[in-house]
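Spelled out, the chains give:
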Amino acid sequence: MKDNSIYHLIKNQLKELKWFHFILLTIAGSINAFGVTIFLYPVKLYDSGVSGVSMLLDQVTPPYLTISLFLLVINIPIFLFGLKKQGFSFTVYSVYSVAIYSLGSYLIMYVLPIDVNFVSPLAGSDLLLCAIFGGVISGIGSGLTIRHGGAIDGIDVLSVIFAKRLGLSIGSFVMLFNLALYIVCGIILNSWILPLYSIITYFVASKTIDFIVDGFDRSKCAMIVTKKANEITEALKDSFEASGTIVDAVGGYSKSEFQIIYLIINHFQVNKLKTIVHSIDAQAFVSLHEISDVIRQQENV
């Protein structure tokens, strides 16, 4: 009976996996491998997270211990360690992405007729170009992986598990990890030039990931505090084909009754929104907040 329930559990979890995600994760892992091996590895710049650790270990260990091997040996146990917290599909997608990243790196470095031993095949020995383009391309790969349900670096899992325990945000945990990594690289190399350029790579990659995951055109949440909510929503309906949601509110100090209009707009509509609101209620308070995703948006509410 117990074996049967385990079988159904595994079967249900496997149903969560989508073949379309595997196709996109294959592309994402390949992009990441291209960015790292073509731009970063040849000039000894370092990626962030476990990928950066793998690059450093590749340099200080015997030749048969390659970056491809370290990517698997370090990342996969981390993802399995986070299985309970992150879920089955996330873990499978992540392990698959790392495997593609590792395979792609191996093919570029040891199979394809591409020389990545001394200088970048595309950017030569220009460290700034390598740092920027390596960061952008690897960031695209990482961002696509996140968008499609996985992660390509175990640091993401470690940050979720340990950041809160250490009293840190996830972003702060990742930043401190990478800072420590670059300091270790500088000490081992007895030079700070490459670690400092690697910080540029990390910054560019993180911004690229934000764009890929959240989109180039983030929506904005408008919260309008007014006593003329009905008039404003009617005007918004004519201009935006959406009127927002009205919530009754009471001023904490004045105890006066107000209404709050909650509305999702894009950044092109901000000035028009302000003009409409203040033409109806000059005393209205408008608060705008950037949001990265809208899970469900109802019309005519």
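See the structure shown above.
None of the values given here were measured: they were computed from a predicted structure.

Thoughts on the packing of helix α4 (residues 67-81) against helix α8 (residues 155-162)
- In the contact formed by α4 and α8, the axes pass within 9 Å of each other and the chain directions differ by 35°. Like other packed secondary-structure pairs, α4 and α8 cross with a definite hand, here left-handed. Across the interface between the two elements, I78, F79 and F81 of α4 pack against V157, L158, I161 and F162 of α8.
- Its residues placed into classes, the contact of α4 with α8 shows 7 nonpolar, no polar and no charged.

A word on a nonpolar patch on the surface
- Together, M175, L176, L179, I183, I187, W192, L196 and I199 give the surface a local cluster of nonpolar side chains, amounting to about 760 Å² of exposed area.
- If you list the elements that add at least two residues to the nonpolar patch, you get α9 (170-189) and α10 (193-214).
- The greatest single-element share of the nonpolar patch, amounting to 5 residues, is contributed by α9.
- Here I199 lies in helix α10.

Topic: the pattern of salt bridges
- Summed over the entire model, instances satisfying the criterion amount to 1 salt bridge.
- Between E234 and K237 there is a salt bridge, and its shortest N-O distance comes to 3.4 Å. In this pair, E234 and K237 are both assigned in helix α11 (residues 229-240), 3 residues apart and thus about one turn of the helix distant.
- Judged by relative accessible area, K237 falls into the partly exposed class, the value being 39%.

Cut-offs and rules
Residues numbered from 1 in each chain as written. Predicted model: local features only at pLDDT ≥ 70, side-chain atom pairs only at ≥ 80, totals over all residues. Heavy atoms only, no water. Axes fitted to C-alpha atoms, helices over the stretch in contact; angles between N-to-C directions. Helix = DSSP H or I, 4+ residues; strand = E, 2+ residues; numbered from the N terminus. Left-handed = near helix turned anticlockwise from the far one by under 90°. Contact = heavy atoms within 4.5 Å. Nonpolar A, V, L, I, M, F, W, Y, C, P; charged D, E, K, R; others polar. Patch = residues over 30% accessible without salt bridge, like charges linked within 9 Å, V, L, I, M, F, W, Y side chains within 5 Å. Areas by Shrake-Rupley, 256 points an atom, 1.4 Å probe, with all protein chains shown as cover. Salt bridge = Lys/Arg side-chain N within 4 Å of Asp/Glu carboxyl O. Buried < 20%, exposed > 50% of the residue type's maximum accessible area, 1.4 Å probe, protein only.

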